Amino acid sequence: MSFTLVRSIHSSISRNHGFPILFPRKRLFTTAATCASQKSSEEVLVVIGGGAAGVYGAIMAKTVAPNLDVVIIEKGKPLSKVKISGGGRCNVTNGRCVDKMVLAEHYPRGNKEFRGSFFSMHGPMDTMSWFSDHGVNLKTENDGRVFPVSNSSSSIIECLMSEMKKRRASHYRIKSPFFPDECFRDVDSRLLIRLTGKVVTSVSTTVGGTFLLKIEKRTIDLVEYLEVDYLLIASGSSRQGYTLATQLGHSIIDPVPSLFTFKIDDPHLTELSGVTFPKVKAKLKLDNIQQNKPQLSQVGPMLVTHWGFSGPVILRLSAWGARDLFSSCYRGILLVDFTPDLHIEDVKTILIQHKDHFAKQKVLNSCPSKFGLVKRFWKYILDREGLDVNTLWASISNNTLFSVASLLKQCSFGVTGKGVFKDEFVTAGGVPLSEISLNTMESRKQPRLFFAGEVLNVDGVTGGFNFQNAWTGGYIAGTSIGKLALGDILEEVI
């Protein structure tokens, strides 16, 4: 194992704590510094995680405090989750839920805490305005989901990456085998560097209240140590972020999957793969849950897959029932009402009237139009009821029709496991919200330590809510750090 110092970015090296520490210096690029900037030359923010929350937070910190050194450390490609979200379109936020009380109800973890000032500081309209002001045209679809007009997540990624570089009047390209990314600098702005392929493996605090980071790039057997003034952990559901949080005194609520599809024990469903229902009411029953939980009953669109069910109604159930489903090994009963806008007596009446009007037609070839069911699913219902599809309507007894009505209103399916929702990778769990201040996103346990995004015990249902949590948390954390940095500069000047 070799210990390497990166002199191309750091102009001074000191030794402390028994190993080298790297200090970014403004003098690398300038021959003189004013008294106001001397303090800022020692002010460094490291953002761990190059996702939506981390990048947005870094931009906001630089916006408030241009003289702050900002380094984003990401082991993979920045904004990779943004790229694949929403089927590659990026569901930026939700434009229908602008009231903070209504918005908070879309977060299974966070719904109580988010009723306060969190979204008042930076809500969906603020997010939409920011991207619009920075050149991204947005559209709001009928269900409230907001996407770029281009229908491409590249529009969001390019906007964020461009914003990280846009202040340069001139730029310097630093060539280094350890820092392959470009580093830009101008007279008004300090470093904003992206370090990809690197991992912060441990963190501790110094006597002076700063953070000492151990950074590794295992592909080249490299270890570095960096001392920084501010730390923003925005590493998503990565174990890395949880480990660093615990090293700094935080507890972790064990993460479990959220937002997933249901596997259903019914071989006949495979014949219905691709069938969609614009509106159903689905209720989840689990053996380990005795009390009634209103959130385990949801209304919305549903999709039949080759392994079971998906769609917004299923994803919402998986989010609200994430921990209970985990405890029950993802086994339970799903009750589906395929005619949620009709009372059961109305369903019975419709079937009897249809029998009277279409007595000589085969039952398979004539389904009541008010039910809005496709022929394949109508056959599935008839098969489950044990009806011969060639039977004439006139031959069906009213009691049999009442049984069909009951099946349409409460069709039972056995849930045997969870699938994967390809557009979302969301977990329930992380750093408890009680351990941070939502007004600043600063840790209640460690000064100058901040969190944003999914590293916290926050998760939203599908529809743009998880990204909104990232934008809001990143905004609050970044602006809070920027204000702290400016305060330090003013104190130094005074």
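Scroll up to find the structure.
Residues numbered from 1 in each chain as written. Predicted model: local features only at pLDDT ≥ 70, side-chain atom pairs only at ≥ 80, totals over all residues. Heavy atoms only, no water.

Student: Go over the overall build of the protein with me, naming the residues and quoting the values.
Tutor: Tallying secondary structure elements over the protein gives 14 helices and 24 strands in all. A burial count over the protein gives 54% of its 494 residues as buried. Across the protein, every contact between residues at least 6 apart in sequence was considered, and the portion connecting residues at least 24 apart equals 71%. (Helix = DSSP H or I, 4+ residues; strand = E, 2+ residues; numbered from the N terminus. Buried < 20%, exposed > 50% of the residue type's maximum accessible area, 1.4 Å probe, protein only. Contact = heavy atoms within 4.5 Å.)

Student: Describe the side chain of Asn-94, and please don't skip the residues or the numbers.
Tutor: Following the sequence through the fold, Asn-94 ends up in strand 6 (residues 93–94). For Asn-94, a relative accessible area of 4% corresponds to the buried category. A distance of 3.1 Å separates a polar atom in the side chain of Asn-94 from the backbone oxygen of Gly-463. Asn-94 has contacts with Pro-124, Asp-143, Gly-144, Arg-145, Val-146, Gly-463, Gly-464 and Phe-465, leaving out every residue within four places of it along the chain. (Polar contact = N/O pair within 3.5 Å; in protein donor to acceptor, adjacent residues only side chain to side chain.)

Student: Outline the pattern of salt bridges, listing residues and values.
Tutor: For the coordinates displayed, the defined rule picks out 14 salt bridges. For Glu-224, the salt bridge is made with Lys-198, and the minimal N-O distance between the two is 2.7 Å. Of this pair, Glu-224 sits in strand 12 (residues 222–228) while Lys-198 sits in the loop between strand 9 (192–196) and strand 10 (199–205), and the two are 26 residues apart along the sequence. One salt-bridge network, held together by shared partners, links Arg-89, Glu-141, Asp-143 and Arg-145. (Salt bridge = Lys/Arg side-chain N within 4 Å of Asp/Glu carboxyl O.)

Student: Kindly report on unusual backbone geometry, identifying the contributing residues and their values.
Tutor: In terms of backbone geometry, most residues other than glycine have negative phi values and most peptide bonds are trans. Phi at Tyr-330 is positive, roughly 60°, even though this residue is not glycine. At Arg-448, a residue that is not glycine, the phi angle is positive and equals roughly 70°. Tracing the chain through its elements places Arg-448 in the loop between strand 23 (442–443) and strand 24 (449–451).

Student: Break down the sheet that holds strand 18 (residues 308–310) for me, citing the residues and quoting the values.
Tutor: On the basis of which strands lie adjacent, the closed barrel formed by six strands has the order 15-18-17-16-19-20 and antiparallel pairing. In this sheet, neighbouring strand axes are inclined to one another by 50° on average, regardless of whether the strands run parallel or antiparallel. As judged from the three bridges shared by strand 15 (residues 262–264) and strand 20 (residues 411–418), these two strands associate in the antiparallel manner. Bridge assignment links Lys-263 to a residue of strand 20, and that residue is Gly-417. The strands touched by helix 9 (residues 312–320) are strand 15, strand 16 (276–285), strand 17 (297–304), strand 18 and strand 19 (332–337); relative to strand 17, the strand with the most contacts, the crossing angle is about 125°. Lying on the sheet, helix 12 (residues 375–385) is in contact with strand 16 and strand 20; it crosses strand 20 at an angle near 105°. (Pairing = 2+ DSSP bridges. Axes fitted to C-alpha atoms, helices over the stretch in contact; angles between N-to-C directions.)

Student: Which residues make up the pairing of strand 10, and what are the values?
Tutor: Relative to strand 11 (residues 211–217), strand 10 runs antiparallel, the two sharing six bridges. Across the sheet, the residue bridging to Val-203 is Leu-213, located in strand 11. Where strand 10 folds back on strand 11, the antiparallel hairpin that results is connected by five residues, among which Gly-209 adopts a positive phi of roughly 90°.

Student: Give me the nonpolar core: which residues, what numbers.
Tutor: Ranked by size, the top nonpolar core spans 133 residues in total, and within it Phe-131, Leu-160, Leu-231, Phe-262, Leu-334 and Phe-413 carry the most contacts. Setting aside its immediate chain neighbours within four residues, Phe-262 contacts Leu-284, Trp-307, Gly-308, Phe-309, Ile-314, Leu-317, Ser-318, Leu-325, Leu-334, Val-415 and Gly-417. (Core = buried A, V, L, I, M, F, W, Y, C linked by side-chain atoms within 4.5 Å.)

Student: So what's going on with the packing of helix 2 (residues 52–64) against helix 7 (residues 154–165)? Which residues, and what values?
Tutor: Their axes nearest at 10 Å, the elements helix 2 and helix 7 cross at an angle of 30°. Of the possible angle classes, the one that applies to helix 2 and helix 7 is roughly parallel. In this structure, the crossing between helix 2 and helix 7 has a hand that is left-handed. Residues Val-55, Tyr-56 and Ile-59 of helix 2 touch helix 7, and the partners they reach there are Leu-160, Glu-163 and Met-164. In terms of residue class, the contact of helix 2 with helix 7 is built from five nonpolar, no polar and one charged. (Parallel < 35°, antiparallel > 145°, perpendicular 65-115°, else oblique. Left-handed = near helix turned anticlockwise from the far one by under 90°. Nonpolar A, V, L, I, M, F, W, Y, C, P; charged D, E, K, R; others polar.)

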